[in-house]
Amino acid sequence: MKLCDIAIRDPYIYADEKEGEYYLYSSGVGQFGRGFCAYKSKDLENWSEPFVVFDASGFWAKDDYWAPEVHRYDGKYYLFGTFGTGGRKRTCQILVSDSPAGPFEVWSDAIAPEGWFALDATLYVKDAVPYAIFSHEWVQIDDGEMCYVKLTDDLSAAVGRPVKMFSASQSGWAVSPTWNTKNTAIYIVDAPFVYNVDGVEFMLWSSWSNVDKPRYSVGVAYPENDDMLGGKYRHSLLKLPTEDCGHAMVFKDFDGAYRICYHNNNSNCGKERAIINYLKIIDGEVKVFEND
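What comes next is a walk through the structure. (Residues numbered from 1 in each chain as written. Predicted model: local features only at pLDDT ≥ 70, side-chain atom pairs only at ≥ 80, totals over all residues. Heavy atoms only, no water.)

1. Points about the overall build of the protein chain
The secondary structure content of the protein chain amounts to one helix and 20 strands. For 292 residues, the compact-globule formula gives about 19 Å, and the C-alpha radius of gyration of the protein chain, at 18 Å, lands near that figure. Projecting the C-alpha coordinates of the protein chain onto the three principal axes gives extents of approximately 45 × 40 × 40 Å. Long-range contacts, defined as pairs at least 24 residues apart, comprise 45% of the intrachain contacts of the protein chain with a sequence gap of at least 6. For the protein chain, the accessible area works out to roughly 12,900 Å², and carbon and sulfur atoms hold 44% of it. Computing the positive centroid from 28 side-chain charges and the negative centroid from 42, the protein chain places the two 3 Å apart. (Helix = DSSP H or I, 4+ residues; strand = E, 2+ residues; numbered from the N terminus. Rg over C-alpha atoms; globule rule 2.2 N^0.38 Å. Contact = heavy atoms within 4.5 Å. Areas by Shrake-Rupley, 256 points an atom, 1.4 Å probe, with all protein chains shown as cover. Lys, Arg positive; Asp, Glu negative; His and termini not counted. Charge placed at Lys NZ, Arg CZ, Asp CG, Glu CD.)

Next comes the structure, spelled out in structure tokens:
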């Protein structure tokens, strides 16, 4: 399969240097139904047929299987996913496997407090201490919040209460979407992902912007004083080659180049595809290019 043939939202790529293969993770597709699947590639252009990495038979979530991302940590592979079902608020849990190909098994309970709408958790490690960064959803609080919570050393549970990092409205670029039917403004805060390129640490995240026209967009949060958990950030909108894009992540390819992956056609359900571009730091800022 070619990358352009794969219908996917919230794409996440894990580069497995040991095997020399890339894994592209997705919500369950076609005959697989609920759960998560993956595709494999050696060149980021030609991909295998999808295969199951998490069989959700017997798992509590019946509706939402969103935003899978896989991190290698302490010798194992951990899949952070978002799950939901009717009558229970959407939340994030962690799965575990001995291989990036799975099978993944349930490892943690919900990492957000009971009663919270939460999604898009990602792993962040600071000074050898693991944290989950996740979104506290606008559907519950209107102005969505980016939060973090400390995890146990084995990633099996959250420790203590979450801490707010920032609200979406504080970014200066996020706007209330045109499709909002509420009497009050809402601000989306999706898809946190932290990475460090050439000594510059940054967080990518997604919301709606109104530059040129209303659209789903990716922003960058640069921490002040080099402290991602410090609560003070400089925000900017990231210029991408295509419009209506979001849910971005970064990886290093096998040639040593930094790549950014995200989905396009966010508002055109069924037409979403993964886009892979190049990412560089220029004058301390994240820049994206179609070619190296």
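2. Let's talk about the sheet that holds strand β10 (residues 129-136)
The strand order β9-β10-β11-β12 describes an open sheet built from four strands, whose pairing is antiparallel. Each end of this open sheet is capped by a strand with a single partner; those strands are β9 (118-126) and β12 (158-167). Sheet twist, expressed as the average angle between the axes of neighbouring strands with direction ignored, equals 25°. (Pairing = 2+ DSSP bridges. Axes fitted to C-alpha atoms, helices over the stretch in contact; angles between N-to-C directions.)

3. Describing the pairing of β12
Sheet analysis places strand β11 (residues 145-151) next to β12, joined by six bridges and oriented antiparallel. Bridge assignment links K150 to a residue of β12, and that residue is V159. Counting the residues that bridge the hairpin from β11 to β12 gives six residues, and of these L155 lies at a positive phi of roughly 65°.

4. Thoughts on the packing of aromatic side chains
As enumerated under the stated definition, the model contains 25 aromatic pairs in all. Seen in terms of ring centroids, F36 and F54 are 6.3 Å apart; in terms of plane orientation they differ by 35°. Their pairing is tilted. Taken together, the residues span a long stretch of sequence, with F36 in strand β3 (residues 35-41) and F54 in strand β4 (residues 51-55) at a distance of 18 residues. An identical accessibility class is assigned to F36 and F54; each is buried. Between F59 and W60, the ring centres sit 5.7 Å apart and the planes meet at 45°, which makes this aromatic pair tilted. F59 gets classed as buried once you look at its relative accessible area, which sits at 7%. Here the aromatic residues F36, F54, F59, W60, Y65 and F83 are joined through ring pairs into a cluster of three or more. In this structure, R88 packs its charged tip against the face of W60, placed 3.7 Å from the ring centre. Its guanidinium or amino end placed over the ring of F289, K280 lies 5.8 Å from that ring's centre, counting from NZ or CZ. (Phe/Tyr/Trp six-rings, centres within 6.5 Å; stacked < 30°, edge-to-face > 60°. Buried < 20%, exposed > 50% of the residue type's maximum accessible area, 1.4 Å probe, protein only. Lys NZ or Arg CZ within 6 Å of the ring centre and 35° of its normal.)

5. Things to note about the side chain of Q93
Residue placement: Q93 occurs in strand β7 (residues 88-97). What makes Q93 buried here is its relative accessible area of 4%. Only 2.6 Å separates the side chain of Q93 from the side chain of W60, close enough to count as a polar contact. If we ignore the near neighbours within four places in the chain, the residues touching Q93 are F59, W60, L79, F80, G81, F83, V106, S108, D109 and A110. (Polar contact = N/O pair within 3.5 Å; in protein donor to acceptor, adjacent residues only side chain to side chain.)

6. Things to note about unusual backbone geometry
Cis geometry marks the peptide bond from G102 to P103; its omega dihedral reads 5°. Within the element layout of this structure, P103 appears in the loop between β7 and β8 (105-106). Unusually for a residue other than glycine, D10 sits at a positive phi of about 50°. As for its placement among the helices and strands, D10 is situated in the segment before β1 (12-16). Exposure remark for D10: the relative accessible area of 13% places this residue in the buried category. A positive phi angle, close to 55°, is found at A191, a residue other than glycine. Take A191: it is sitting in strand β13 (residues 190-197).

7. Overview of the side chain of D253
Relative to the helices and strands, D253 is located in the loop between β17 (246-252) and β18 (258-263). A distance of 2.9 Å separates the side chain of D253 from the backbone nitrogen of D255, its partner in a polar contact. Once residues within four sequence positions are removed from consideration, D253 is found in contact with Y22, L44, R259 and Y278.

8. Details of the pattern of salt bridges
Oppositely charged side chains can pair when the atoms bearing their charge come close. This model, assessed by the stated rule, comprises 14 salt bridges. Where K126 meets D227, a salt bridge forms, and the shortest distance between an N and an O atom there is 3.9 Å. Highlighted residues: K126 in strand β9 and D227 in the loop between β15 (215-223) and β16 (233-237), separated in sequence by 101 residues. Since its relative accessible area comes to 24%, K126 is described here as partly exposed. By relative accessible area, which is 27% here, D227 ends up partly exposed. For R234, the salt bridge identified is with E285, shortest N-O distance 2.7 Å. Highlighted residues: R234 in strand β16 and E285 in strand β20 (residues 285-289), separated in sequence by 51 residues. Within this structure, E19, E21, K40 and K42 form a network of salt bridges that share partners. (Salt bridge = Lys/Arg side-chain N within 4 Å of Asp/Glu carboxyl O.)

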